Amino acid sequence: MKYWIETYGCQMNKAESEALELALNHNKWKEAEDPMEADLTIINTCSVRETAETRIWGRIGYYKKVKKNNPAMTLIITGCMAERLGNKFINKNSPVDKVFGTFTKNKIIDSVLQKTIFDPIFPSGQNFASEDSMPNNQTYEFNKLHTTEGKFKAFVPIMNGCNNFCSYCIVPYVRGRELSRNPEEIFSEIEKLETMGVKEITLLGQNVNSYYYEDKETGEKLDFPFLLKKISQQVSSIEWIRFLTSHPKDLSEKLISVIAESTNICRHIHLPLQSGSDVILKKMNRKYNSDFYNTLIKKIKDNIPDMSITTDIIVGFPGETQEDYNMTYDMINSIKFNEAFTYYYNPREGTNAFNFGDDIPKEEKIKRLSEVIKLQRKISIMKKKEKIGTTFKVLAEGFSKNNTTELIGRTESDEMIVFNAGQDRIGLYNIVKILFLKGNTFIGETVK
Ligand code: SAM
Ligand code: SF4
Ligand code: F3S
């Protein structure tokens, strides 16, 4: 039996898709070379922006055609959009057979193994994602392992869900309330990853800084800085530890010192700013203002001067005046992030901001977005140029495009670099001197 999995959205979805793959492989399923030959197709979906959802509807249209040639294929929709829309995926003309929400992802495997998806007593239209399961995190189960064989980089989810309710964001509704994973399970997954040859891990959570676990038996309490410190002390062949995402309001001085004192926690932090206007930040329910954010950046840079900082920005939030927008622009210009992921505001039904209206015209949103993209591009290039001539540790990921004498890898700041080295260096750390910048990619040479 062959499967095909398509994944949209954030790293959490990617990690969960790999866990699904692992479970299917374990039960002697094989990955199909293309969806035409698959017995089972799973689309792991995202709801964060309308663009993501539109793309997924497009894919469902495509699968309608696939099913004409391959009618025996079962199509499952899972993930955040499945949680949001449930049975709306299923109607007479839809190619979708089953829908599993965020909290029932693990039931996919049971269903596949018990072959209930092929069983007429569970007809198409059976939906496990019920309304009342939506915010109930108790039913969320972490997988034991999220990485298939042969990978050098792995995601390790440490939390699920979010309690912050930023007014624009659908995530708390589709992933439920925060749930911190048992540290024993986290440590045993990381141990296993080391035996599999993984060299870099990324700890995942919508807001990793609010990780908190209290062991009911021992009474031991673990917060994120402590967890990170323990992981940093325990790993041996993993030399790079990353974590995503940090909410500015919860990033503590304790965490900054844990990073500063370690040698294996990457000097890279993703710290979404969203807006530079205090009025908009308040309407976004971000619970910090621009002064707080600037002070935090200063604290980080004072303690860890080589820290690379990336961010997320939303322009065109309801009520964002030209002045509000200018404050965002100015803050991007003064902080000089290494990279910024920029979006224009998308109303999401069910969120608080949905009730604020969507008063910024699309053309204005696009104009603001293209301006911040242009500004950030200039800053990113400038920051990269500063690194030319210096030497970095690089984890080689594979051959560069169309070339078998050049490898492609990433620096500790997660920047792409192409350098000369042979196949034997793939999956290993290499010392590389940066020679020049080609587009967005560094070109370097192996040192020694
Ligand atoms: N938990 C992370 C955080 O707080 O930054 C990430 C959340 S979300 C998966 C990633 C980014 O999508 C957000 O930081 C935000 O910039 C953007 N985003 C979320 N909802 C959005 C919306 N309705 N419209 C536009 N962008 C949105
Ligand atoms: Fe969404 Fe805010 Fe939670 Fe991030 S912190 S997932 S933006 S609600
Ligand atoms: Fe999307 Fe869900 Fe992640 S909405 S960004 S896949 S948590």
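Structure first, text after, so check above.
In this text the structure is predicted, and so the values were computed from the model without any measurement.

Asks: Would you take a moment to explain the environment of Leu75 for this structure?
Replies: Of note, Leu75 is situated in strand E4 (residues 74–79). Along the primary structure Leu75 and Ile300 are separated by 225 residues, whereas in three dimensions their C-alpha atoms are 47 Å apart. Those residues in contact with Leu75, other than ones at most four positions away along the chain, are Thr41, Ile43, Tyr63, Lys67, Pro95, Val96, Asp97 and Lys98.

Asks: Mind showing me how you'd approach the nonpolar core here?
Replies: One recurring pattern in soluble globular proteins: nonpolar side chains tend to sit buried together. Ile201, Leu203, Phe224, Leu228, Ile231 and Phe243 are the most contacted members of the largest nonpolar core, which has 53 residues in total. Not counting residues within four places of it along the chain, the set of residues in contact with Ile231 comprises Ile186, Phe187, Ile190, Ile201, Leu203 and Ile241. Counting residues in hydrophobic clusters, the runner-up holds 18 residues, among them Tyr8, Tyr63, Met81 and Leu85.

Asks: Any chance you could explain the site of ligand 1 here in plain terms?
Replies: Taken together, 15 residues form the shell around ligand 1, and within it Arg49, Gln206, Gln274, Asp312 and Asn346 come nearest. A distance of 2.9 Å separates an oxygen atom of ligand 1 from a polar side-chain atom of Arg49. A distance of 2.8 Å is found between a nitrogen atom of ligand 1 and a backbone nitrogen or oxygen belonging to Asn346. Burial of ligand 1 by the protein amounts to 92% of the accessible area it has alone, namely 550 Å². Mapped onto the shell around ligand 1, the elements with two or more residues apiece are strand E14 (308–315) and strand E15 (339–344).

Asks: Would you mind going over the pattern of salt bridges with me for this structure?
Replies: In a structure, side chains of opposite charge can pair up when their charged atoms sit close to one another. Here the structure, examined in full by the defined rule, presents 25 salt bridges. Where Lys2 meets Glu37, a salt bridge forms, and the shortest distance between an N and an O atom there is 3.5 Å. Here Glu37 lies in the loop between strand E2 (30–31) and strand E3 (40–45) and Lys2 lies in strand E1 (residues 2–7), a separation of 35 residues in the sequence. A relative accessible area of 30% means that Lys2 is categorised as partly exposed. For Arg348, the salt bridge identified is with Glu53, shortest N-O distance 3.1 Å. One end of the pair, Arg348, is in the loop between E15 and helix H12 (362–385); the other, Glu53, is in helix H2 (residues 50–69), with 295 residues separating them in the sequence. Among the residues examined, Arg348 registers a relative accessible area of 4% and is labelled buried. What makes Glu53 buried here is its relative accessible area of 5%. One salt-bridge network, in which partners are shared between bridges, spans Glu200, Arg242, Arg410 and Asp414.

Asks: I keep staring at the site of ligand 3 and nothing clicks. Help me out?
Replies: Around ligand 3 lies a shell formed by Cys10, Asn13, Cys46, Ser47, Val48, Cys80, Arg175 and Gln206. Looking at the shell around ligand 3 residue by residue, the class counts come to 4 nonpolar, 3 polar and 1 charged.

Asks: What should I look at first to understand the packing of aromatic side chains in this one?
Replies: For any pair of aromatic rings, the description consists of the separation of the ring centres together with the inter-plane angle of the planes. A full pass over the atoms with the stated rule returns 12 aromatic pairs. Geometrically, the ring pair formed by Phe165 and Tyr173 is edge-to-face, given 5.4 Å between the ring centres and 80° between the ring planes. Take Phe165: its relative accessible area is 26%, and that puts it in the partly exposed class. The class of Tyr173 is partly exposed, set by a relative accessible area of 24%. Relative to Tyr293, the ring of Tyr288 lies with its centre 6.1 Å away and its plane at 35°, an arrangement referred to as tilted. The class of Tyr288 is buried, set by a relative accessible area of 7%. Linked through ring pairs, Tyr168, Phe317, Tyr345 and Phe356 together constitute an aromatic cluster.

Asks: I'm lost on the sheet that holds strand E18 (residues 416–420) in this one. Help?
Replies: The pairing of strands in a sheet happens through backbone hydrogen bonds and is either parallel or antiparallel. Here we have 5 strands rolled up into a closed barrel, ordered E16-E17-E18-E20-E19, and mixed in their pairing. Strand-to-strand, the axes of this sheet are offset by a mean angle of 50°, without reference to chain direction.

Asks: Can you walk me through the pairing of strand E12 (residues 240–244) in this structure?
Replies: Where a strand is regular, its side chains alternate between the two sheet faces. In terms of burial, E12 is a largely internal element, 5 of the 5 residues being buried. Along E12, one buried face is formed by Trp240, Arg242 and Leu244 and the opposite face, lined by Ile241 and Phe243, is buried too. The pairing of strand E9 (residues 200–204) with E12 spans 5 bridges and is parallel. Each bridged residue has a counterpart across the sheet, and for Glu200 the counterpart in E12 is Trp240.

Asks: Can you help me understand the packing of helix H8 (residues 253–261) against helix H10 (residues 290–303) in this one?
Replies: Helix-helix packing is described using two parameters, namely the angle between the two axes and the distance between the axes. At their nearest, the axes of H8 and H10 sit 10 Å apart, and the two run at 25° to each other. Taken together, the axes of H8 and H10 are roughly parallel relative to one another. Between H8 and H10 lies a crossing of right-handed hand. Every residue of H10 that contacts H8 at Glu253, Ile256 and Ala260 is listed here: Lys299, Ile300 and Asn303. Across the contact of H8 with H10, the residue classes tally to 3 nonpolar, 1 polar and 2 charged.

Asks: So what exactly am I meant to see when it comes to the environment of Lys374 here?
Replies: Mapping Lys374 onto the fold places it in helix H12. Expressed as a C-alpha distance, the spacing of Lys374 and Thr441, which sit 67 residues apart in the sequence, is 17 Å.

Asks: Sorry, what's going on with the sheet that holds E15 here?
Replies: Here 3 strands make up an open sheet; going across it, the order is E13-E14-E15 and the pairing parallel. Each edge of the open sheet carries a strand with a single partner, namely strand E13 (268–270) and E15. The sheet shows a mean angle of 15° between the axes of neighbouring strands, taken without regard to direction. Pairing geometry for E13 and E14, over 3 bridges, is parallel. Within the sheet, the bridge partner assigned to Ile269 lies in E14 and is Ile309.

Cut-offs and rules
Residues numbered from 1 in each chain as written. Chains lettered and ligands numbered in written order. Predicted model: local features only at pLDDT ≥ 70, side-chain atom pairs only at ≥ 80, totals over all residues. Heavy atoms only, no water. Helix = DSSP H or I, 4+ residues; strand = E, 2+ residues; numbered from the N terminus. Contact = heavy atoms within 4.5 Å. Core = buried A, V, L, I, M, F, W, Y, C linked by side-chain atoms within 4.5 Å. Buried < 20%, exposed > 50% of the residue type's maximum accessible area, 1.4 Å probe, protein only. Near = heavy atom within 4 Å. Polar contact = N/O pair within 3.5 Å; in protein donor to acceptor, adjacent residues only side chain to side chain. Areas by Shrake-Rupley, 256 points an atom, 1.4 Å probe, with all protein chains shown as cover. Salt bridge = Lys/Arg side-chain N within 4 Å of Asp/Glu carboxyl O. Nonpolar A, V, L, I, M, F, W, Y, C, P; charged D, E, K, R; others polar. Phe/Tyr/Trp six-rings, centres within 6.5 Å; stacked < 30°, edge-to-face > 60°. Pairing = 2+ DSSP bridges. Axes fitted to C-alpha atoms, helices over the stretch in contact; angles between N-to-C directions. Parallel < 35°, antiparallel > 145°, perpendicular 65-115°, else oblique. Left-handed = near helix turned anticlockwise from the far one by under 90°.

Just distances and angles here, no functional claims.
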